[in-house]
Amino acid sequence: MYFLGFDLGSSSVKACLVNAESGIAVASAYFPETEMAIDAPEAGFAEQHPNSWWQNACLASKAVLAKAEVKAEAVKAIGISYQMHGLVVVDKDFTVLRPSIIWCDSRAVPFGNRAFNDLGHDYTLHHLLNSPGNFTAAKLAWVKANEPNIYAQVDKFMLPGDYLAARMTGNIATTASGLSEGAFWDFQANEPAQFLLDYFGFDSRLIPTLKPTFAPQGELTSIAAAELGLAAGTPVTYRAGDQPNNALSLNVLEPGQIAATAGTSGVVYGVSDQASYDPKSRVNTFLHVSHTAENPRYGVLMCVNGTGILNSWLRNQVLRRSINYDQMNVLAHEAPIGADGLVCLPFGNGAERILENADLGASFHNLQLTRHGLPHLIRAAQEGIVFALYYGIQIMKSVGVGLQTIRAGEANMFLSPLFRDTLANLTGAAIELYNTDGAQGAARGAGLGLGYYKTPAEAFAGLNVVRTIEPDMRAQEAYREAYGRWLKLMTD
């Protein structure tokens, strides 16, 4: 008996099979094997077509079954994790009307900012806990204003994971947690934000049916099952945005616990029992996957868009793929802490929320042609990413999220010793790396949604710490001096 998790990311769709009885992941696969393209038809735009997500999900599903030598009938439930804040629009025949406007697209910032000002900052923050900013609601407003012919055909809007689930089951649905990440949830009324719908002129019928995060949400149709290589009737029992799901995958469900991820973007995600917010909406509060009205749980999310994508850009564009990431990490260690004065602002992947939706672009500063080489360039980039994350962590602390231990999967940028050492030394927090990822978390979520696991403790029986990184007190001063130079450059 197995549970299958999908993680729909910006660069790939990953699938993972978890043995229900042991709680151990038995196989995983992802497609495409190279990174999924992000289209930018104009500066600040970022789009992907939902059909490509589906095609890659089908390939990953068949591959993971073949790798594990598991029959389709042995998969008893499906969970879905997905890139947050994206917009998918379909007509009444479930035809996708335009490419998805994904999370790092900046075009809708003026619409969100205008709503924030017109509705009033205090009122909006009190109800949404966030500015509408660059979230899904603002993206739909952009479509309404700029593509009226398309908007007129919209029957439902969805988040990326909603689309994947609908493609599987034929049912268009979403969750309260999902609506909160799109700035569609009124935390005071505990229902979709009618005042925001009215402001933008959205018909409430555009909102999909609400389903619980952990619960049967539909069954695979015969057509979808054939394309995925699975059995018709297999239930989808869990869905969540990638960052709440990453927290779930690390068993981060209670106040004071912290989860981090560093893929295309970098995120630090803390759980709180207080509906708090940052007045400037630089960090954002959503309903966590474990939230209930009786036992409220909120996820406070800090995101830096330009994380792994910067490391990838260096490898693909500067190094022309001449070396792999492990070799880049070895090379970076040839430069000293602080990269001998070379400073990197790691942005350049759309508007950054921690910078109040400013889009600064990525840049290197203080480059000395007679002193700096590739080791300095790589080290400055990785340090710059950590410095940006640390800048956001300070904002999280201002809204009451503490930081003692950071939990993360042993994947992506956390595979870099330089990256994780810099983060541990700068924050003073131990980093615990676990044998998990988003697809594995989604599979465990499926088991919880099916009711097979009665408690999270049962679901996480196979979760283990594989590495712990403790801060090195001897290096902290050097890192903090380097951060000071970075901060001065960014704020001047």
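Everything in this summary refers to the structure shown in the same document. (Residues numbered from 1 in each chain as written. Predicted model: local features only at pLDDT ≥ 70, side-chain atom pairs only at ≥ 80, totals over all residues. Heavy atoms only, no water.)

Thoughts on the state of the cysteines
The full count for this structure, using the stated rule, is zero disulfides. No disulfide involves cysteine 16; its sulfur sits 18 Å from that of cysteine 58, the nearest cysteine. Judged by relative accessible area, cysteine 16 falls into the buried class, the value being 2%. Cysteine cysteine 104 shares no disulfide, and the gap to the nearest cysteine sulfur, in cysteine 303, comes to 9.2 Å. (Disulfide = S-S within 2.5 Å. Buried < 20%, exposed > 50% of the residue type's maximum accessible area, 1.4 Å probe, protein only.)

Side note on the packing of helix 14 (residues 417-427) against helix 17 (residues 473-491)
Packing of helix 14 against helix 17 brings their axes to within 9 Å, and their N-to-C directions diverge by 95 degrees. Put simply, helix 14 runs roughly perpendicular to helix 17. Contacts from Thr422, Asn425 and Leu426 of helix 14 reach helix 17 at Ala475, Gln476, Tyr479, Arg480 and Tyr483. For the contact of helix 14 with helix 17, the residue count by class is four nonpolar, three polar and one charged. (Axes fitted to C-alpha atoms, helices over the stretch in contact; angles between N-to-C directions. Helix = DSSP H or I, 4+ residues; strand = E, 2+ residues; numbered from the N terminus. Parallel < 35°, antiparallel > 145°, perpendicular 65-115°, else oblique. Contact = heavy atoms within 4.5 Å. Nonpolar A, V, L, I, M, F, W, Y, C, P; charged D, E, K, R; others polar.)

Details of the side chain of asparagine 134
Along the chain, asparagine 134 turns up in the loop between helix 3 (121-128) and helix 4 (136-146). Classification of asparagine 134 as buried rests on a relative accessible area of 8%. Those residues in contact with asparagine 134 that sit more than four places away from it in its chain are Trp103, Asp105, Ser106, Arg107, Ala108, Val109, Lys139 and Asn357.

Focus on the pattern of salt bridges
Here the structure, examined in full by the defined rule, presents 16 salt bridges. With a closest N to O distance of 2.7 Å, aspartate 340 and arginine 371 form a salt bridge. Here aspartate 340 is found in the loop between helix 12 (325-332) and strand 18 (343-346), whereas its partner arginine 371 is found in the loop between strand 19 (362-365) and helix 13 (374-398), with 31 residues between them in sequence. The partly exposed category is assigned to arginine 371, whose relative accessible area is 47%. Notably, a salt bridge pairs glutamate 410 with arginine 467, separated by 3.2 Å at the nearest N-O pair. Of the two residues, glutamate 410 is situated in the loop between strand 20 (405-409) and helix 14 and arginine 467 in strand 22 (residues 465-469); the sequence distance between them amounts to 57 residues. Three or more residues are tied together by salt bridges with common partners; here these are Glu47, Arg98, Asp105, Arg107 and Glu147. (Salt bridge = Lys/Arg side-chain N within 4 Å of Asp/Glu carboxyl O.)

A few points about empty space enclosed by the protein
Here the idea is plain: a probe the size of a water molecule rolls over the atoms and shows the empty space left. Under the counting rule described, the total for this entry stands at two cavities of 30 Å³ or more. The volume enclosed by the largest cavity comes to roughly 110 Å³. Asn134, Phe135, Ala351, Arg353 and Asn357 are, among the 13 residues lining the largest cavity, the residues nearest its centre. Classifying every residue of the lining of the largest cavity by side-chain character gives four nonpolar, eight polar and one charged. When its volume is computed, the second largest cavity comes out at roughly 60 Å³. (1 Å grid on protein atoms, 1.4 Å probe; cavity = no way out; pocket = protein on both sides within 12 Å on 5 of 7 lines; lining within 4 Å. Points joined across faces, edges and corners; volume = space filled by probe spheres on them.)

Let's talk about the packing of aromatic side chains
Under the criterion given, the structure shown has 21 aromatic pairs. Between the aromatic rings of phenylalanine 3 and tyrosine 453, the centroid separation amounts to 5.7 Å while the plane-to-plane angle is 75 degrees, which identifies the pairing as edge-to-face. Residue phenylalanine 3 is found in strand 1 (residues 2-8), and its partner tyrosine 453 is found in the loop between helix 15 (438-450) and helix 16 (456-459); the two are separated by 450 residues along the sequence. The exposure classification of phenylalanine 3 matches that of tyrosine 453, with both residues buried. Each member of the aromatic cluster is reached from another via a ring pair, and the members are Tyr151, Phe157, Phe184, Tyr199, Phe200 and Phe202. Positioned above the aromatic ring of phenylalanine 45, the side-chain terminus of arginine 107 is 3.6 Å from the ring centre. When the ring centre of tyrosine 151 is taken as reference, the NZ or CZ atom of lysine 144 above it lies at 5.9 Å. (Phe/Tyr/Trp six-rings, centres within 6.5 Å; stacked < 30°, edge-to-face > 60°. Lys NZ or Arg CZ within 6 Å of the ring centre and 35° of its normal.)

Overview of the layout of surface pockets
Within this model, the second largest pocket holds a volume of roughly 340 Å³. Lining the second largest pocket are 17 residues; nearest its centre among them are Ala176, Pro212, Thr213, Val289 and His291. Looking at the lining of the second largest pocket, its residues break down into eight nonpolar, eight polar and one charged.

Focus: the sheet that holds strand 13 (residues 236-241)
One open sheet accounts for five strands, arranged 3-2-1-5-13; its pairing is mixed. Of all the strands in the sheet, just strand 3 (25-31) and strand 13 have a single pairing partner and so form its edges. Here the strands of the sheet are splayed against their neighbours by 15 degrees on average, with no regard to which way each runs. Sheet contacts for helix 1 (residues 50-68): strand 1, strand 2 (13-19), strand 3 and strand 5 (75-82); angle to strand 3, the most-contacted strand, approximately 145 degrees. Of the strands in this sheet, strand 1, strand 5 and strand 13 touch helix 6 (residues 160-169), which is tilted by about 150 degrees from strand 5. (Pairing = 2+ DSSP bridges.)

Looking at the sheet that holds strand 17 (residues 298-304)
Pairing in this open sheet of seven strands is mixed, and the strands run 16-17-15-14-20-21-22 from one edge to the other. Where the open sheet ends on each side, the last strands, each with one partner, are strand 16 (284-287) and strand 22. Across the sheet, the mean angle from the axis of one strand to that of its neighbour is 25 degrees, orientation sign disregarded. Alignment of strand 16 against strand 17, held across four bridges, turns out to be antiparallel. The residue bridging phenylalanine 286 from the neighbouring strand is glycine 299, located in strand 17. Helix 10 (residues 242-249) rests against strand 14 (258-262), strand 15 (266-272) and strand 17 of the sheet, and its axis sits at about 120 degrees to strand 14.

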